[in-house]
2 protein chains.
Amino acid sequence: MTKRIGLNAFNMTAAGHQSSGMWRHPLSEAHRYKELDYWLELAKTLERGRFDAVFLADVLGPYDVYGGSVDAALRDGMQIPANDPFQYVSAMASVTERLGFALTASATFEHPYPLARRFSTLDHLTKGRVGWNVVTSYLPSASRNFGTTPMAHDDRYEMAEEFMTVMYKLWEQSWDDEAVELDRERGVFVNPAKVHPIRHHGRFFDVDGFNMSEPSPQRSPVIFQAGASSRGRRFAAEHGEGLFVNVLNSKLSRVITDDIRTQVEAAGRKRDDVKIFTILTAVIADSDAEAERLYAEYQEYASPQGAMALFGGFSGIDLGQFDQDSPLAAGETNAIQTVLDLFTKLDPSRQWTPADIGNHMSIGGVEPVLVGSPETVADEIERWIDEGDLDGINLSYAVTPHDINAFVDTVVPELQKRGRVWKEYEGKTLREYISGPGNSRLSPTHPGAQVARAEG
Amino acid sequence: MTKRIGLNAFNMTAAGHQSSGMWRHPLSEAHRYKELDYWLELAKTLERGRFDAVFLADVLGPYDVYGGSVDAALRDGMQIPANDPFQYVSAMASVTERLGFALTASATFEHPYPLARRFSTLDHLTKGRVGWNVVTSYLPSASRNFGTTPMAHDDRYEMAEEFMTVMYKLWEQSWDDEAVELDRERGVFVNPAKVHPIRHHGRFFDVDGFNMSEPSPQRSPVIFQAGASSRGRRFAAEHGEGLFVNVLNSKLSRVITDDIRTQVEAAGRKRDDVKIFTILTAVIADSDAEAERLYAEYQEYASPQGAMALFGGFSGIDLGQFDQDSPLAAGETNAIQTVLDLFTKLDPSRQWTPADIGNHMSIGGVEPVLVGSPETVADEIERWIDEGDLDGINLSYAVTPHDINAFVDTVVPELQKRGRVWKEYEGKTLREYISGPGNSRLSPTHPGAQVARAEG
């Protein structure tokens with residue numbers, strides 16, 4: 001049996017996301033990230049391509065490690081400026097009927113009470129098409145905007161655990177299913193006996209009351225996670241329903257997904273309770289040769305500095321400190337070793353200079369890039385999915401909306417012909433796409449479902 | 001010269017807002033507050049009626065003073081459940097071209113850094129049609145959801161002052177006008193020399209960086225305020241560009257607006273730098289007699305308990321503690337005196353029992369209610385505006401969308417015929433409606449404009 005390949009679109013309400021310099025390409029409309037029309041078009045395109053969801057990344061501070069300043073990130077518009085992704089959703093929801101929306105929000109900088117309501121509101125307005133990409137925030141530049149000291153990595157996760165508990169109590173426990181009676185005769189809009197203050201008093205949070213929003217179609221949004229550290233992966237195995245991973249290369253892929261599914265089992269859930277999606281970029285043209293030409297053309301717009309700004313952001317390592325054209329020498333310093341570990345996994349056959357890394361990352365970041373005809377790209381996607389025991393992809397882009405349109409217009413029909421992408425949505429809520437028709441609520445094995453009636 | 005009457009629509013993303021029990025009326029669609037279609041229709045209606053803005057109230061905790069519990073508020077859906085108003089805006093913006101959106105957000109519970117970005121994002125997406133109703137939050141039930149102790153009234157305003165300073169720095173100072181160069185040749189998306197960290201270190205907030213969003217059409221959203229206390233009114237006179245007031249009765253109206261405009265002058269601004277809008281509800285039918293019949297019909301659905309829940313919320317006084325059918329006796333306790341002061345101003349000619357107050361407030365709250373034919377309502381609005389030196393109204397409703405549709409379909413054309421409501425919008429941004437075409441940015445006398453280059 002071949003698995004359905006779930007399609008998600010990885011995006012950000014910013015001009016530069018994973019690829020850098022590509023905003024300069026004549027076909028790029030990346031600078032239109034602040035226009036509603038741009039996103040309405042994109043949402044309709046993705047729904048036409050039967051995507052499960054558009055997945056919106058977010059940060060709350062700029063990247064300032066490369067060269068010790070924010071200059072490279074700003075100069076390339078690399079995730080800065082970046083607008084608030086939540087504010088785009090209701091408009092996109094109003095021109096679509098099935099497309100889901102997975103939104104990044106931080107369990108480090110948000111407060112659970114208003115965030116629970118924000119998601120509930122969007123779940124109402126979208127009729128159950130919302131997901132939450134739970135992140136803990138690591139950027140010192142963000143901490144400085146909140147007047148806080150960055151927390152140690154494991155403390156962040158401890159706070160995130162309590163954060164999740166509060167959210168589940170608000171979403172799953174504080175309102176009974178039938179609390180809103182809307183009884184015009186008896187004059188009962190809400191039956192007060194069916195609404196329960198959560199009385200949460202923990203190490204990090206005190207939240208006394210009940211959710212401001214009545215229960216929404218999914219109650220809890222679909223929980224996405226992308227934690228890559230061992231603590232992060234444990235958190236993901238407990239809470240995640242969808243996981244976004246960088247599988248680096250197709251040989252490593254199954255090692256990573258096996259490890260994740262084993263941890264999911266260890267957390268008392270079923271191996272396939274978590275759907276795993278790999279991030280990738282596809283550069284597509286009518287033939288393989290033309291696609292290679294297009295890829296070469298994209299490379300002319302590469303901004304290695306922008307890419308190194310992004311790399312500095314997520315790794316904390318300033319590639320600007322090294323000679324740009326000398327291969328990084330293994331083991332010289334811890335920082336170099338860390339960089340090399342990553343890039344050797346990406347492609348063990350080559351030597352990497354900082355300039356190489358910057359150029360390579362300018363198209364698709366550290367994630368895989370598929371280059372070819374629709375058939376070739378479809379072949380490659382099938383191979384990655386099947387070899388890696390993956391459930392789908394999170395499609396990034398180099399040049400937007402060109403690459404996304406090309407994928408929807410040519411690769412999707414090819415994958416549909418092969419029976420790997422559905423021709424019609426099955427179900428109406430985002431959780432149904434992930435967990436099957438009829439399953440709009442958290443699975444009984446999920447920790448959120450266990451909170452549901454624990455104190456109710 | 002007759003002044004233009006500015007129209008705003010006072011609403012809330014909740015089933016019950018100012019009027020209680022009205023959700024039971026057969027024409028009411030108030031329970032559809034969680035459906036996008038309901039709001040898209042409403043937005044289009046308001047734009048057809050040439051409203052400046054829809055004004056969305058908000059609270060972050062339920063009303064729990066009346067009867068010592070949340071039961072009455074829940075039973076009547078009285079501002080609970082209440083969704084997040086921000087999440088509704090982009091959808092409404094996508095089906096309108098001119099209607100503005102004024103959103104309530106708390107300078108007590110929000111953090112300035114993400115809130116600045118949220119407003120900037122919406123100002124981009126709406127192309128400059130966003131306003132901010134600045135509130136300081138007083139509800140103990142909200143504090144308990146944030147694990148904080150309610151602050152003393154004046155401390156709240158001191159924090160709000162610093163909050164505003166941070167917001168102005170982020171909006172007005174941190175990005176130069178020409179910072180986004182979008183220079184494809186030179187590869188400069190943003191010129192880093194034109195972006196300035198604000199380095200704010202104050203008593204309540206430490207915010208180091210610059211706004212995550214690039215400058216939006218209005219930069220700062222239009223600042224609305226509704227502070228009624230003397231400290232609140234001083235804050236409003238400093239920061240407000242639009243003020244929502246309860247003028248209680250038409251005789252008192254000019255006393256209140258004169259006081260406000262004098263304080264605006266004292267703050268170094270011009271008397272008419274602030275536009276003052278009175279909240280009112282209109283019950284309209286073809287003739288005065290029919291309107292009276294409709295009003296009587298509405299009264300059959302009144303929920304005095306819901307109204308007293310609302311009253312308890314904003315006053316802190318539990319009307320449930322008194323005999324419901326005995327006139328409140330002046331001076332007996334401080335609490336009674338406070339209630340009487342308010343209701344005597346509302347109508348000095350009558351004696352008030354708690355039951356009277358609950359019934360009266362069920363339609364339109366403590367604000368004026370106009371009942372009559374379109375001509376009568378238009379006459380009354382003109383009289384209130386001219387006698388009170390007001391700039392417009394903030395139209396509430398008893399039964400939604402019926403009352404709003406009736407106003408747009410019958411009263412607006414009447415006021416247009418009289419030259420009091422514009423037939424076409426003049427300008428494109430919300431600030432232009434308030435300050436005149438061409439004035440999309442804060443007036444030079446506004447404290448936010450003074451922050452703009454203070455440290456830049």
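A quick note: this is a predicted structure, and the numbers were derived from the prediction, not measured.

Caption draft 1: Broad picture of the overall build of chain A. Summing up its helical and strand segments, chain A has 16 helices and 13 strands in all. Relative to a compact globule of 456 residues, whose C-alpha radius of gyration would be 23 Å, chain A shows 22 Å and is just as compact. When its C-alpha atoms are laid out on the principal axes, chain A stretches across 75 × 50 × 40 Å. Of the contacts made within chain A by residues no fewer than 6 positions apart, 77% connect residues no fewer than 24 positions apart.

Caption draft 2: Region of interest: the interface of chain A and chain B. On the chain B side, the residues contacting the 71 residues of chain A number 70 residues. Buried surface at the junction of chain A and chain B, summed over both partners, amounts to about 6,200 Å²; 61% is from carbon and sulfur atoms. Summed over the shared surface of chain A and chain B, the number is eight salt bridges. On the surface where chain A and chain B come into contact, there are 42 residue pairs in polar contact (both at pLDDT 80 or more). When contributions to the side of chain A that touches chain B are tallied by element, the ones reaching two or more residues are α1 (36-48), α2 (71-75), α3 (89-94), α4 (112-125), α5 (140-146), β5 (180-183), β6 (188-190) and β8 (206-207) of chain A. It is α4 of chain A that provides the largest number of residues to the side of chain A that touches chain B, a total of eight residues. Tallied by class, the residues present in the side of chain A that touches chain B amount to 35 nonpolar, 19 polar and 17 charged.

Caption draft 3: The relation of the copies chain A and chain B, seen in detail. Of the two same-sequence chains, chain A is brought onto chain B (RMSD 0.0 Å, axial shift 0.0 Å) by a rotation of 180 degrees. On the angle and the small slide along the axis, the relation comes out as a two-fold axis. Proximity to the rotation axis, assessed at the C-alpha, singles out A91 of chain A in chain A; its C-alpha lies 1.8 Å from the axis. The overlap is high: 99% of the interface residues of chain A also sit at the interface in chain B, so the same surface is used on both sides.

Caption draft 4: Summary view of the UniProt feature "binding site: FMN" (unreviewed entry) in chain A. Mapped onto the present numbering, the UniProt feature "binding site: FMN" (unreviewed entry) falls on D58, T104, H153, Y157 and S229 of chain A. Along the polypeptide, D58 of chain A turns up in the loop between β2 (53-57) and α2. Those residues in contact with D58 of chain A, other than ones at most four positions away along the chain, are M12, N83, P85 and T104 of chain A together with R117 of chain B. Among the polar contacts listed, one links the side chain of D58 of chain A to the side chain of R117 of chain B, at a separation of 2.7 Å. Within the element layout of this structure, S229 of chain A appears in the loop between β9 (222-225) and α7 (230-239). Those residues in contact with S229 of chain A that sit more than four places away from it in its chain are H153 and Y157 of chain A.

Here is what the cut-offs are and how they apply
- Residues numbered from 1 in each chain as written.
- Chains lettered and ligands numbered in written order.
- Predicted model: local features only at pLDDT ≥ 70, side-chain atom pairs only at ≥ 80, totals over all residues.
- Heavy atoms only, no water.
- Helix = DSSP H or I, 4+ residues; strand = E, 2+ residues; numbered from the N terminus.
- Rg over C-alpha atoms; globule rule 2.2 N^0.38 Å.
- Contact = heavy atoms within 4.5 Å.
- Buried area = accessible area lost by both parts, 1.4 Å probe.
- Salt bridge = Lys/Arg side-chain N within 4 Å of Asp/Glu carboxyl O.
- Polar contact = N/O pair within 3.5 Å; in protein donor to acceptor, adjacent residues only side chain to side chain.
- Nonpolar A, V, L, I, M, F, W, Y, C, P; charged D, E, K, R; others polar.
- Least-squares fit on C-alpha atoms with pLDDT ≥ 70 in both.
- UniProt positions renumbered as here; feature names shortened; annotations may be inferred.

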